[in-house]
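The residues making up each chain are set out below.
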Amino acid sequence: MEKVAKFFKVLFGGLLAVIIIAAISGRIYQVRSEYVDLRQYPAPGELVIVSGHLMHINCLGSGSPTVILEQGAGTGGQATLWQDLHEQSSRITRVCAYDRAGVGYSEPVNIPTRSADVASTLRLLLHQYGIEEDLVLVGWSRGGVHIREFQKQFPDLVSGMVLVDSAHELQYQRVPDAPVQAATGTSLYQVAQYLQPLGLLRITGLVEAQIQGFAIAEKEIPRARALYNMSHSISTLLNETIGAEIDFDEASEPASLGDLPLVVITQGEPVVLPPRLPPAYTLEYFQETRRVWNELQSELAQLSTNSKQVIASESGHGNIHSRQPEIIINAISDVVLAVRNSSDLVTH
């Protein structure tokens, strides 16, 4: 019996040693790979210290007002994912894209990403960078909630706004529940956040499927892959998910924007039944979801008395910037001109 106990003790000790060595090796591999990636794909903009953390901001073009691009939720919302649109719109005025904490080239802050914190942090970033003039805010998806919160906190800084198929504060209460309750992404992220710093997600290539789902230019895929493989990207995704859930649980009706120049861009791609879903999902479910989404978009357009809504008839929620970038560029141009001329928006 003593020999058996000794055998299992040695076996356990050996397994523990293997696990520790594997973890150390994985961490060394991850750190070295990140170093190589960042040398190969350096930040295109500048890194600014905000509350003790580096944040990335990239400004192109010149002129006033300054346009700020606010991406959607998660690490898929890196500033560089709209690079082509960023470059084209910078012919109109100065246009700045930035990375929220933990996204892209910005250092992580390990707290849930709530809109109130995003807004106050963006204000500090702009102040540190020297941007104090009128702003036109462009927000896609969850970013639309962030920029409305910024306007609520700092109304004197915001002169115009473009919402690109923006989330709505009450969408969780009003969009139909899914017919089948799938495993939550949050539970998966909670496990993956500990595996990523050890290089396991990089080695297995699990990130690759996420990258392939991004509607971005082919030339930007290697950079997106490098940034999505950073040690903190999954924990950032978890923080963004938790922050959104908290905000939506506590949400009230979005605040009025008065007569602020506002363009609301809404997806208009025909509704179809996606493949490989459980039978409980029907075309009627997706049609009802779109109907409610369109109601929410119409309500966002009514937040200002100086607004217009544009339907991106060939695009879905995640690809307006790649399929119909001219709609976003024209919206930015219209709002910028309205701000410069202190006039109403021009209806095309």
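Higher on the page you've got the structure.
The following refers to the structure shown. (Residues numbered from 1 in each chain as written. Predicted model: local features only at pLDDT ≥ 70, side-chain atom pairs only at ≥ 80, totals over all residues. Heavy atoms only, no water.)

Concerning the overall build of the protein chain
Phase 1: Check the secondary structure of the protein chain and you find 13 helices and eight strands.
Phase 2: Judged by the C-alpha coordinates and their principal axes, the protein chain covers about 90 × 50 × 35 Å.
Phase 3: Taking the intrachain contacts of the protein chain between residues at least 6 apart in sequence as the baseline, contacts between residues at least 24 apart amount to 79%.
Phase 4: As presented, the protein chain carries roughly 16900 Å² of accessible surface, and 58% of it is formed by carbon and sulfur atoms. (Helix = DSSP H or I, 4+ residues; strand = E, 2+ residues; numbered from the N terminus. Contact = heavy atoms within 4.5 Å. Areas by Shrake-Rupley, 256 points an atom, 1.4 Å probe, with all protein chains shown as cover.)

So, the pairing of strand E7 (residues 262-267)
Phase 1: Summarising burial for E7: six of the six residues are buried, a large majority.
Phase 2: Neither face of E7 is exposed, since Leu262, Val264 and Thr266 on one face and Val263, Ile265 and Gln267 on the opposite face are all buried.
Phase 3: Relative to E7, strand E6 (residues 158-164) is paired through four bridges, and the arrangement is parallel. Residue Leu163 lies in a different strand from E7, and its bridge partner there is Val264.
Phase 4: Across six bridges, the pairing between E7 and strand E8 (residues 307-312) is parallel. Bridge assignment links Val264 to a residue of E8, and that residue is Gln309. (Buried < 20%, exposed > 50% of the residue type's maximum accessible area, 1.4 Å probe, protein only. Pairing = 2+ DSSP bridges.)

Some thoughts on the pattern of salt bridges
Phase 1: Enumeration according to the criterion identifies 18 salt bridges in this entry.
Phase 2: In this structure, the salt-bridge partner of Asp247 is Arg114, at a minimum N-O distance of 2.7 Å. Of this pair, Asp247 sits in helix H10 (residues 233-249) while Arg114 is found in the loop between strand E4 (95-98) and helix H3 (115-129), placing the two residues 133 residues apart along the sequence.
Phase 3: Judged by its relative accessible area of 26%, Arg114 is partly exposed.
Phase 4: The residue Asp247 makes a salt bridge to Arg142 at a minimum N-O spacing of 2.9 Å. A residue pair is termed long-range when its members are at least 10 positions apart, and Asp247 in helix H10 and Arg142 in helix H4 (residues 142-153) qualify at 105 residues. (Salt bridge = Lys/Arg side-chain N within 4 Å of Asp/Glu carboxyl O.)

Re the sheet that holds strand E5 (residues 135-140)
Phase 1: Taking strand neighbours across the sheet as the criterion, the eight strands line up as E1-E2-E4-E3-E5-E6-E7-E8 in an open arrangement whose pairing is mixed. Edge positions in the open sheet fall to strand E1 (46-50) and E8, since each of these has one partner strand only. When the angles between neighbouring strand axes are averaged without regard to direction, this sheet yields 25°.
Phase 2: Those strands touched by H4 are strand E3 (66-70), E5 and E6, and its axis lies near 150° from that of E5.
Phase 3: Those strands touched by helix H13 (residues 325-341) are E3, E5, E6, E7 and E8, and its axis lies near 165° from that of E6. (Axes fitted to C-alpha atoms, helices over the stretch in contact; angles between N-to-C directions.)

Comments concerning the side chain of Arg223
Phase 1: With respect to the element layout, Arg223 can be found in helix H9 (residues 221-228).
Phase 2: Exposure remark for Arg223: the relative accessible area of 16% places this residue in the buried category.
Phase 3: Of note is the side chain of Arg223, whose polar atom sits 2.6 Å from the side chain of Tyr105.
Phase 4: Those residues in contact with Arg223, other than ones at most four positions away along the chain, are Tyr41, Pro42, Pro44, Thr80 and Tyr105. (Polar contact = N/O pair within 3.5 Å; in protein donor to acceptor, adjacent residues only side chain to side chain.)

Quick word on the pairing of E5
Phase 1: Of all six residues in E5, six are buried, a share of seventy percent or more.
Phase 2: Side chains of E5 alternate between two faces, with Leu135, Leu137 and Gly139 and Val136, Val138 and Trp140 buried alike.
Phase 3: Where E3 lies against E5, five bridges are found, and the strand directions are parallel. Across the sheet, residue Val67 finds its bridge partner in E5, namely Val136.
Phase 4: In the classification by handedness, the crossover that spans E5, the intervening H4 and the parallel E6 is right-handed. (Right-handed = clockwise from strand over helix to strand, strands pointing away.)

Focus on the nonpolar core
The tendency in soluble globular proteins is for nonpolar side chains to be buried side by side.
Phase 1: The biggest cluster of nonpolar side chains holds 29 residues, and the ones touching the most others in it are Ile57 and Phe150.
Phase 2: For this core, the element with the most residues is H3, which contributes five residues.
Phase 3: Apart from the residues within four sequence positions on either side, Ile57 is in contact with Gly45, Glu46, Val48, Cys96, Ala97, Tyr98, Leu125, Leu126, Tyr129 and Ile131. (Core = buried A, V, L, I, M, F, W, Y, C linked by side-chain atoms within 4.5 Å.)

Some details on the state of the cysteines
Phase 1: Under the definition given, this model contains one disulfide.
Phase 2: Between the sulfur atoms of Cys59 and its disulfide partner Cys96 the distance amounts to 2.0 Å. Between Cys59 and Cys96, the S-S dihedral sits near 110°, and the bridge is therefore right-handed. One end of the pair, Cys59, is in strand E2 (residues 53-60); the other, Cys96, is in strand E4, and 37 residues separate them in sequence. (Disulfide = S-S within 2.5 Å.)

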